[in-house]
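Chain residues, written in single-letter form:
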Amino acid sequence: MKLKQEILEKIKDVIGKANVFEEEPMSEHTSMEVGGPAAYLFQPETAEDTAFLLKILKQENYPFYIKGNGSNLIVHDEGYDGAIIEMMKMNRIEVSGTFVTAECGAMLKDISAKAVEASLSGFEFASGIPGSLGGAITMNAGAYDGEMKDIVTEVTLMDKEGNVLTKKNEEMDFSYRHSLCSDGDYIVLKAEFQLAEGDSSEIQAKVDDLSARRKEKQPLEYPSCGSTFKRPEGYFAGKLITDAGLKGYCHGGAAVSDKHAGFIINKDHATAAEILELISYVQEEVKEQFGVELKCEVKII
Ligand SMILES: Cc1cc2nc3c(=O)[nH]c(=O)nc-3n(C[C@H](O)[C@H](O)[C@H](O)COP(=O)(O)OP(=O)(O)OC[C@H]3O[C@@H](n4cnc5c(N)ncnc54)[C@H](O)[C@@H]3O)c2cc1C
């Protein structure tokens, strides 16, 4: 579905030609490296440009989807017949005392590096998660006993009408891999964290240790979305999948990692269909063998 030419020209005028892409392959914008073209991909550089896009797309009744770094996103082979609004060009990071404020497109590894530089501790757990701040707040991303909800003080959001609002941590409805933004009702513009003063070499040592543990345990050499499934209460997804005999199981170019069965990987030029079929097969087998429902952590569009 195409936007009217005059509308597209208006969008180019406001957000800049260089930030507008047509028929853009989503395999190039997602860590799983699958997915057909989005009719449009827009990369707003400011909150004002984002509000403009929301208003004009609403006026045209045109579907859109907000994305960050695409490290938790699978797009179908048919692509997305609408506009992807990719928030990665809003990525400033500022440090003031023990507070860090970052825009949604800042990568967690870059925020972590700033925290190390400023001798601030508390962000180390997130340093190896390969996503943007917007995606991490939306998902309440977490690792190694830390979650975004533990360090966020305040989040600046935009609603679908383009209004900007600020929410305190307790208003963000954070829970396991969930937040107020999970249903797509709000866009994360920026967030503030409170960290603690520490020793920069000790903080760096912790970041390095967590990075080494990831390299040892996770199949980082293959495209993936990290853990495919949420942790079912009382179980570990990886153990259930291993016990179901599916570790290393392949379907076309998709595979259950033989290094970490919780990861479904793009082993050899998989299609999105192969990845999604494998996800369903794993869910069915685990349900049949153990009666446990594996819910996807990964978002599918
Ligand atoms: C190798 C690997 C390891 C991983 N390890 C971990 C881990 O340890 N812990 C963990 O929690 N996750 C992990 N992940 C998953 C992923 O990195 C996180 O979920 C990350 O927070 C997603 O951020 P993103 O910017 O890539 O979001 P995307 O994948 O682009 O989007 C994810 C969701 O967030 C929404 N979103 C993105 N930006 C915004 C925004 N600005 N406003 C509103 N909504 C937005 C999207 O609509 C979508 O619903 C891993 C992934 C990989 C590939």
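Residues numbered from 1 in each chain as written. Predicted model: local features only at pLDDT ≥ 70, side-chain atom pairs only at ≥ 80, totals over all residues.

**Quick look at the sheet that holds strand β2 (residues 37-42)**
In space, the four strands of this open sheet follow the order β1-β2-β5-β3, with mixed pairing throughout. Looking along the sheet, the strands with just one partner apiece sit at the ends: β1 (20-25) and β3 (64-67). Direction aside, neighbouring strands of the sheet carry axes that sit 30° apart on average. For β1 and β2, the ladder comprises five bridges, and the chain directions are antiparallel. Among the inter-strand pairings, Pro 25 is bridged to a residue of β2, identified as Pro 37. (Pairing = 2+ DSSP bridges. Helix = DSSP H or I, 4+ residues; strand = E, 2+ residues; numbered from the N terminus. Axes fitted to C-alpha atoms, helices over the stretch in contact; angles between N-to-C directions.)

**Details of the site of the ligand**
As a structural note, the neighbourhood of the ligand is formed by 32 residues, with Gly 68, Gly 131, Gly 134, Gly 135 and Gly 226 the closest of them. Mapped onto the shell around the ligand, the elements with two or more residues apiece are β3, α4 (133-139), β9 (142-143), β13 (186-194) and β15 (224-227). Top element by residues in the shell around the ligand is α4. It accounts for five residues. Of the residues belonging to the shell around the ligand, the class tally is 15 nonpolar, 15 polar and two charged. (Near = placed C-beta within 6 Å. Nonpolar A, V, L, I, M, F, W, Y, C, P; charged D, E, K, R; others polar.)

**Here's the deal with the domain arrangement of the protein**
Taken domain by domain, the protein holds domain 1 (5-86), domain 2 (93-202) and domain 3 (219-300). Each of domain 2 and domain 3 has a C-alpha centre, and the two are 28 Å apart. (Domains from an automatic or database assignment.)

**Considerations on the sheet that holds β15**
Read from one edge of the open sheet, four strands run β15-β18-β17-β16, paired in antiparallel fashion. Only two strands of the sheet have a single neighbouring strand rather than two, namely β15 and β16 (250-251). Bridging between β16 and strand β17 (residues 254-256) involves two bridges; their strand directions are antiparallel. Residue pairing in the sheet places His 251 in a bridge with Ala 254 of β17.

**Some thoughts on the packing of helix α1 (residues 5-15) against helix α2 (residues 47-59)**
Where α1 meets α2, the closest approach of the two axes is 10 Å, and the angle between their N-to-C directions is 170°. As the angle between them shows, α1 and α2 are arranged roughly antiparallel. Packed against α1, whose contacting residues are Ile 7, Lys 10, Ile 11, Val 14 and Ile 15, the element α2 presents Asp 49, Phe 52, Leu 53 and Ile 56 at the interface. Its residues placed into classes, the contact of α1 with α2 shows seven nonpolar, no polar and two charged. (Parallel < 35°, antiparallel > 145°, perpendicular 65-115°, else oblique. Contact = placed C-beta atoms within 7 Å.)

**Observations concerning unusual backbone geometry**
One non-glycine residue, Asn 140, adopts positive backbone phi at about 45°. Relative to the elements of secondary structure, Asn 140 occurs in the loop between α4 and β9. One non-glycine residue with positive phi stands out, namely Asp 145, at about 70°. Note on placement: Asp 145 falls in the loop between β9 and β10 (146-147). Looking at Asp 145, the number of C-beta atoms within 10 Å reads 7, which means it is exposed. (Buried ≥ 20, exposed ≤ 12 C-beta atoms within 10 Å, placed from the backbone.)

**Some remarks on the nonpolar core**
Ranked by size, the top nonpolar core spans 83 residues in total, and within it Ile 74, Leu 133, Ala 136, Ile 137, Val 188 and Ile 275 carry the most contacts. The element that contributes the greatest number of residues to this core is helix α7 (residues 272-290), accounting for seven residues. Not counting the four nearest positions on each side in its chain, Ile 137 is found in contact with Met 148, Val 152, Val 155, Ser 179, Cys 181, Val 188 and Ala 191. (Core = buried A, V, L, I, M, F, W, Y, C linked by C-beta atoms within 7 Å.)

**Some thoughts on the environment of His 178**
Mapped onto the elements, His 178 comes out in the loop between β12 (164-168) and β13. Taking the C-alpha atoms as reference, His 178 lies 11 Å from Lys 230; in sequence the two are 52 residues apart.

**Structural notes on the pairing of β12**
Within β12, only zero of the five residues are buried, leaving the element largely exposed. Pairing analysis gives five bridges linking strand β11 (residues 152-159) to β12, with the strands arranged antiparallel. Bridge assignment links Glu 154 to a residue of β12, and that residue is Lys 168.

**Describing helix α5 (residues 200-217)**
Every α-helical turn comprises 3.6 residues, leaving residues that sit three or four positions apart pointing alike. Here α5 contains 18 residues, and its C-alpha end-to-end distance of 26 Å stays within 8% of the 26 Å for a straight helix at 1.5 Å per residue. Of all the positions in α5, only Ile 203, Val 207 and Leu 210 are classed as buried. For α5, the arc enclosing every buried residue in end-on projection is 65°, short of the 170-degree limit, so these residues lie on one face. Away from the buried face of α5 by more than 90 degrees, exposed residues Ser 201, Asp 208, Asp 209, Ala 212, Lys 215 and Glu 216 are located. For α5, the elements touching its buried residues are α3 (108-117) and β8 (120-121). (Expected span 1.5 Å × (residues − 1). Arc of directions from axis to C-beta.)

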